[in-house]
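Working through the structure, step by step
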Amino acid sequence: MSEGVQFEIIKSLENPLLERKEYTIKLIHIKSATPSRHNIRAFFASKMGIPIDNVIVKKLKTYYGTNVTFCKIHVYNSPEKIIEPEYVKLRNLPRSERKKTLEAMKTGKAEPKKEQKS
């Protein structure tokens, strides 16, 4: 994905209460379709030098006819601190993992991970 893809941080906000940083970025992807959430997550993590498990792509917005996507990204201090709905966590997985997780949830073998309060 990194060929011809650039990003610009539009807004950065530190949220100490939730132990995360919130970014709004502009992703420019010339001659390619809108990248998947997982690809954006991996690209952003590699460029920022942070573990991919700490990154959640919250929202994507691409306007018709453009090669520019606006993204809202949350970067947590650790994967255990992630406070996002299950559907958002599922959307950030690669397709193959997402299907396996959904099938496991439907059969009742795997419950979504409950956050433990400490």
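Above: the structure in question.
These notes cover the structure that comes with them.

Another aspect to go through is the overall build of the chain. Helices and strands together make up the secondary structure of the chain, namely three helices and four strands. Secondary structure elements of the chain occur, N-terminal to C-terminal, as β-β-α-β-β-α-α. A total of 118 residues make up the chain; the buried ones form 28% of that total. For the chain, the exposed area adds up to about 8,300 Å²; of that, 52% sits on carbon and sulfur atoms.

With that settled, consider helix α1 (residues 37-48). Over its twelve residues, α1 extends 16 Å from the first C-alpha to the last, a length consistent with the 16 Å expected when each residue adds 1.5 Å. Among the structural elements, β1 (5-15), β2 (20-29), β3 (55-62), β4 (68-76) and α2 (86-91) are those in contact with the buried residues of α1. Immediately beyond the C-terminal end of α1, within one or two residues, lies G49, with a positive phi of roughly 70 degrees.

Looking now at the environment of Y76. Structurally, the position occupied by Y76 is in strand β4. Expressed as a C-alpha distance, the spacing of Y76 and K21, which sit 55 residues apart in the sequence, is 6.5 Å.

This brings us to the nonpolar core. Soluble globular proteins tend to pack their nonpolar side chains together in the buried interior. Ranked by internal contacts, the top residues of the largest apolar core, which has 13 residues, are F44 and I73. Sorting the residues of this core by element identifies β2, α1, β3 and β4 as the ones contributing at least two each. Considering each element in turn, this core owes the most residues, four residues, to α1. Discounting chain neighbours no more than four positions away, the residues touching F44 are F7, Y23, I25, I50, V55, I73 and V75.

Residue placement: R20 occurs in strand β2. Polar contacts involving the side chain of R20 include one to the side chain of E22, which spans 2.8 Å. A distance of 3.4 Å separates the side chain of R20 from the side chain of E84, its partner in a polar contact. Sequence-distant contacts of R20, defined by excluding residues within four places in its chain, comprise L13, E14, N15, H74, V75, Y76, I83 and E84.

A word on the side chain of T69. Among the structural elements, T69 can be located in strand β4. Polar side-chain contacts of T69 include one of 2.7 Å to the side chain of H29. At 2.7 Å, the side chain of T69 and the side chain of T62 are in polar contact. If we skip the residues at most four places from it in the chain, T69 touches I25, K26, L27, H29, T34, L60, K61 and T62.

Conventions we followed
- Residues numbered from 1 in each chain as written.
- Predicted model: local features only at pLDDT ≥ 70, side-chain atom pairs only at ≥ 80, totals over all residues.
- Heavy atoms only, no water.
- Helix = DSSP H or I, 4+ residues; strand = E, 2+ residues; numbered from the N terminus.
- Buried < 20%, exposed > 50% of the residue type's maximum accessible area, 1.4 Å probe, protein only.
- Areas by Shrake-Rupley, 256 points an atom, 1.4 Å probe, with all protein chains shown as cover.
- Expected span 1.5 Å × (residues − 1).
- Contact = heavy atoms within 4.5 Å.
- Core = buried A, V, L, I, M, F, W, Y, C linked by side-chain atoms within 4.5 Å.
- Polar contact = N/O pair within 3.5 Å; in protein donor to acceptor, adjacent residues only side chain to side chain.

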